[in-house]
Amino acid sequence: MKKTIRVLIAKPGLDGHDRGALVVSQALRDYGMEVIYTGLRQTPEQIAAAAVQEDVDAIGLSCLSGAHNELFPEVMRLLHEKGADDIIVVGGGVIPWEDIPFLESKGIQKVFTPGTPTIETAKFIEQAVYKRDGITEEVFSGVAPERIDHIGIAVKSLDEALPFYVNVLGLTLEAIEEVPSQKVKVAFIKIGETRLELLEALTAESPVAQFIEKRGQGVHHVALGVTNIQDRIDEMKANGIKMIHDAAVPGAGGASVAFMHPSSTHKVLFELCEKTKSKEEAK
Ligand code: ZN
């Protein structure tokens, strides 16, 4: 780490269990952060005051009592009142998924649900603090995909399918190329910043031929646009995700790609896709 990050771990409200908060505190210390723990049953006022007094970079709020929708925004309000909006605030505890968008709309940068590896919490805080402080040269890990790069669609024949996309929908055919590593011919169709990738099998051994035989034509995969693809692959594996490719392989359009195994992803075939320079940029 470039600077020692100071974090306040705080337990607002009335619940009397702090095992989770203590585990997170220790994990952040092991990661190299300085951690101050408030102890149980703190008011939002006490927490905001302690954060300012201790000059922390970040606050981790933990709540098991169910009162997070009142307590967390109150901490945010008090921080704002004290001119401490630059403190990164994350939350955790027993928080239903339904409440997360509300809390994040109140300025909580991220809410971690039970079972989140503590290393992810540490990396998130580190990344958020570096971003706030304009420290950019560090290669961050734990970066979320940036966009849907493309959606792959398996078709029996490009010649038969293309008229629908180009003539009926009126989309632009950008390129057709063969990808030997996947034994497919692909047509890229531009739609805004993303693409539809029509896939026609070149041989009966192509994964696309096998897909069509088993499931028929249709949506085949979703490609997530990432940077530093090998780091992303290693992270996925560290999180227990089974990868079809342990190292990136050449994909269409000069991209580096790696597929995740659907058994690890609730049955969706995801591709990680890192673009080198686009054709326009290379010109
Ligand atoms: Zn693809």
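Predicted model only: the values in this text are computed from it and were never measured.

1. Topic: unusual backbone geometry
In the Ramachandran plot, N228 falls in the positive-phi region, its phi being about 50 degrees despite a non-glycine side chain. Inspection of the secondary structure assignment puts N228 in the loop between strand 10 (218-225) and helix 8 (229-238). When its relative accessible area of 35% is taken as the criterion, N228 is described as partly exposed. Positive phi values are uncommon outside glycine, yet K267 reaches one of about 75 degrees. Structurally, the position occupied by K267 is in the loop between strand 12 (256-259) and strand 13 (270-274).

2. What to know about the domain arrangement of the protein
Taken domain by domain, the protein holds domain 1 (6-133) and domain 2 (147-282). Using C-alpha coordinates to define each centre, domain 1 is positioned 39 Å away from domain 2.

3. What about the environment of E193?
Its location among the elements puts E193 in the loop between strand 8 (184-191) and strand 9 (194-201). Residue classification places E193 among the exposed positions, given a relative accessible area of 72%.

4. Focus on the sheet that holds strand 3 (residues 58-63)
With parallel pairing, the five strands of this open sheet are ordered in space as 2-1-3-4-5. The open sheet terminates on both sides in strands that have one partner only, identified here as strand 2 (34-37) and strand 5 (110-112). Direction aside, neighbouring strands of the sheet carry axes that sit 20 degrees apart on average. In terms of strand pairing, strand 4 (residues 88-93) meets strand 5 through three bridges, oriented parallel.

5. Concerning the UniProt feature "domain: B12-binding" (unreviewed entry) in the protein
Mapped onto this numbering, the UniProt entry gives "domain: B12-binding" (unreviewed entry) at residues 4-132. Across residues 4-132, the secondary structure splits into 44% helix and 19% strand, with the terminal C-alpha atoms separated by 14 Å.

6. What to know about the pairing of strand 10
Burial within strand 10 is extensive, with six of its eight residues counted as buried. With seven bridges joining them, strand 6 (residues 147-154) and strand 10 adopt antiparallel strand pairing. Residue H150 lies in a different strand from strand 10, and its bridge partner there is A223. When strand 10 meets strand 13, the two strands line up parallel, connected through four bridges. If you follow G225 over to strand 13, its bridge partner there is C273.

So, how was this worked out
- Residues numbered from 1 in each chain as written.
- Predicted model: local features only at pLDDT ≥ 70, side-chain atom pairs only at ≥ 80, totals over all residues.
- Heavy atoms only, no water.
- Helix = DSSP H or I, 4+ residues; strand = E, 2+ residues; numbered from the N terminus.
- Buried < 20%, exposed > 50% of the residue type's maximum accessible area, 1.4 Å probe, protein only.
- Domains from an automatic or database assignment.
- Pairing = 2+ DSSP bridges.
- Axes fitted to C-alpha atoms, helices over the stretch in contact; angles between N-to-C directions.
- UniProt positions renumbered as here; feature names shortened; annotations may be inferred.

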